[in-house]
Amino acid sequence: MLEPLKEVEEQQYYNINEMSLTSSPFLSDILENITDGIFCLDGFGRFIYLNSTAESLLEQSRTDLMGASVWTCFPEVSSSPLYEYYLAAMTTQTPQTFELWFSPLNKWFDVRTYPGKKMFTVYFRNITMSKNNEIALRESEQMYRMITENSTDMISRIAMNGTYLYVSPASKALLGYEPDALIGSSVFDILHPDDLQFADEHKEQSLADLRIDLSSYRIRKKDGTYIWFETTARTILDNRGLNKEVITVSRDITARKHVEKQLLETNELLQKISTVDALTGVANRRGFDECLIKEWKQGSRMATPLSLILVDIDFFKRFNDSYGHIEGDLCLKRVADSLKKAAKRPGDFIARYGGEEFVIILPSTDALGAQTVAEHLREQVELLHIPHTRSEHSPYITISSGTATMIPNHDTDPSELFLRADKALYQAKQEGRNVVRLYHRDE
């Protein structure tokens, strides 16, 4: 591009009418077909040549501009840097390069000026789009910087090997580290060991292989304590489409984790309360129903026997009428404690079914085993020696029990086991009480 300009500059004649600048067809074709604008001014600032691109960029026809003064056609130029560049270039005969915002046309131009002894050549092109993109990018970067520097969340750039490349100022408030103190260090060094797992322990540690729940993990502060972090992450790819780095936004959720823990503990307590009999401390009927369904399913999967003992305190209504409800409640508590001590295998489950009735679930226990446990329960209650003057068979509180055993299956409702134990209990009451009876199918 410079060669045609030099040729223009070396022209000795610049008579407007002769247009010697484009006397060569070859040179004319070049100047008229390039995508950048070129115009030439004489020593008085008059247009002596414009190519077609210059006409388009200046939004004026060549006919109107040729022979006219640039300062007259574009009066705004006289107060722009172009005028100063023009004077300096003509005085020093030194080429100038600069960017110019031309408000009348609402355009940015990249301008190069080449002064000659009697001619001033201007080479220019429209850079409005790139300048606008540059401005937008600069504003975007300023906005990004403002967000990262003022956000209460910690924003980080982390290389795939775990090295911090950038850390926002929030690291000071969240972790106690100045941002510069973390840059160059590894995120793996401050993650809680229990939360730090990799897909392949034998490979070099990489974020791509890190297995961590970003919604809830622990990270070590400068003082050595741990807080809970929640992070959103986005992987940035390089030109080859490979993982380059990770952008993360992290926040402290320690307070939320404490609340969640308290809620969980409260819910567990409420669940326990809802399945525990307030008077005796053993499970209530709801707890029994849940346990029976659970053990029934387990027995069905394993094809193991499930036994149930239904216990009734003999003549308890008479006891309440004689000794009062306070003593009656105390009696129920003592009987429940005795049953808990007697049925002490880890899987045994005791519940107060209602009033003076208790029920015991015995997983993986056959009929003989259930009968043995029931007899032991009966003996332990009798040994309490709780006076009962209105009992027909003993001077003390006694119990009657009915047992039933089944191998659970998907075709039978678990309530069938309870019904069988209830029939056996009825038989025990009919046969004098303070006894244990087993359910038999022919009953």
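Let us look at the structure shown here. (Residues numbered from 1 in each chain as written. Predicted model: local features only at pLDDT ≥ 70, side-chain atom pairs only at ≥ 80, totals over all residues. Heavy atoms only, no water.)

**Some details on the overall build of the chain**
Assigned secondary structure in the chain consists of 15 helices and 17 strands. Overall, the C-alpha framework of the chain stretches about 145 × 50 × 45 Å when taken along its three principal axes. Sequence separation of 24 or more characterises 51% of the internal contacts of the chain that already satisfy a separation of 6 or more. Computed over 49 positive and 64 negative side-chain charges, the inter-centroid distance for the chain is 6 Å. (Helix = DSSP H or I, 4+ residues; strand = E, 2+ residues; numbered from the N terminus. Contact = heavy atoms within 4.5 Å. Lys, Arg positive; Asp, Glu negative; His and termini not counted. Charge placed at Lys NZ, Arg CZ, Asp CG, Glu CD.)

**Some thoughts on the pairing of strand β2 (residues 47-50)**
Strand direction decides the pairing type here: strand β1 (residues 37-42) and β2, joined by three bridges, are antiparallel. Bridge pairing in β2 places Phe39 opposite Leu50. Adjacent in sequence and paired antiparallel, β1 and β2 are bridged by four residues, among which Gly45 carries a positive phi angle near 80°. (Pairing = 2+ DSSP bridges.)

**Focus: the side chain of Asp153**
Relative to the elements of secondary structure, Asp153 occurs in the loop between α7 (128-150) and β6 (154-159). Within the local environment of Asp153, its side chain forms a polar contact with the side chain of Arg251, the two groups lying 3.2 Å apart. Beyond its immediate stretch of four places on either side in the chain, Asp153 contacts Ser168, Ala170, Leu174, Val249, Ser250 and Arg251. (Polar contact = N/O pair within 3.5 Å; in protein donor to acceptor, adjacent residues only side chain to side chain.)

**Regarding the sheet that holds strand β16 (residues 399-406)**
Hydrogen bonds along the backbone pair up the strands of a sheet, which may run parallel or antiparallel. Read from one edge of the open sheet, five strands run β14-β15-β13-β16-β17, paired in mixed fashion. Across the chains shown, the open sheet's two edge strands, defined by having one partner strand only, are β14 (349-354) and β17 (436-438). Strand-to-strand twist of the sheet, defined as the mean angle between neighbouring strand axes without regard to direction, takes the value 20°. In this fold helix α14 (residues 367-382) packs onto β13 (306-313), β15 (357-363), β16 and β17, with an angle of close to 165° to the strand it touches most, β16. (Axes fitted to C-alpha atoms, helices over the stretch in contact; angles between N-to-C directions.)

**Re the sheet that holds β1**
Spatially, the five strands line up as an open sheet ordered β2-β1-β5-β4-β3, and their pairing is antiparallel. The open sheet has two free edges, formed respectively by β2 and β3 (96-102), since each of these has just one partner strand. In this sheet, neighbouring strand axes are inclined to one another by 25° on average, regardless of whether the strands run parallel or antiparallel. In this structure, strand β4 (residues 107-115) lies alongside strand β5 (residues 119-126), joined through seven bridges in antiparallel fashion. By the bridge assignment for β5, Asp110 is matched with Arg125. Each of β1, β3, β4 and β5 is contacted by helix α6 (residues 81-92), which is oriented at about 160° to β3, the strand it contacts most.

**A short note on a nonpolar patch on the surface**
Taken together, the side chains of Leu269, Leu270 and Ile273 present a nonpolar region at the surface, about 300 Å² in accessible area. You can see Ile273 is positioned in helix α10 (residues 254-274). (Patch = residues over 30% accessible without salt bridge, like charges linked within 9 Å, V, L, I, M, F, W, Y side chains within 5 Å. Areas by Shrake-Rupley, 256 points an atom, 1.4 Å probe, with all protein chains shown as cover. Salt bridge = Lys/Arg side-chain N within 4 Å of Asp/Glu carboxyl O.)

**Details of helix α13 (residues 325-342)**
Compared with an ideal rise of 1.5 Å per residue, which puts 18 residues at 26 Å, α13 spans 25 Å between its outermost C-alpha atoms and is within 8% of the ideal. For α13, the set of buried residues is Gly328, Cys331, Leu332, Val335, Ala336, Ser338, Leu339 and Ala342. One side of α13 carries all its buried residues, which in axial view fall inside an arc of 160°. Turned more than 90 degrees off the buried face of α13, the exposed positions are Ile326 and Lys341. (Expected span 1.5 Å × (residues − 1). Buried < 20%, exposed > 50% of the residue type's maximum accessible area, 1.4 Å probe, protein only. Arc of directions from axis to C-beta.)

**A word on the pattern of salt bridges**
Where charged atoms from two side chains of opposite charge come close, those side chains can pair. Applying the stated criterion across every chain, the model contains 26 salt bridges. When the shortest N-O distance is used, the salt bridge between Lys429 and Asp312 registers 3.4 Å. Here Lys429, found in helix α15 (residues 415-430), pairs with Asp312, found in strand β13; they are 117 residues apart in sequence, far enough to count as distant. For Lys429, a relative accessible area of 26% translates into the label partly exposed.

Limitation: the analysis is restricted to geometry and does not speak to function.
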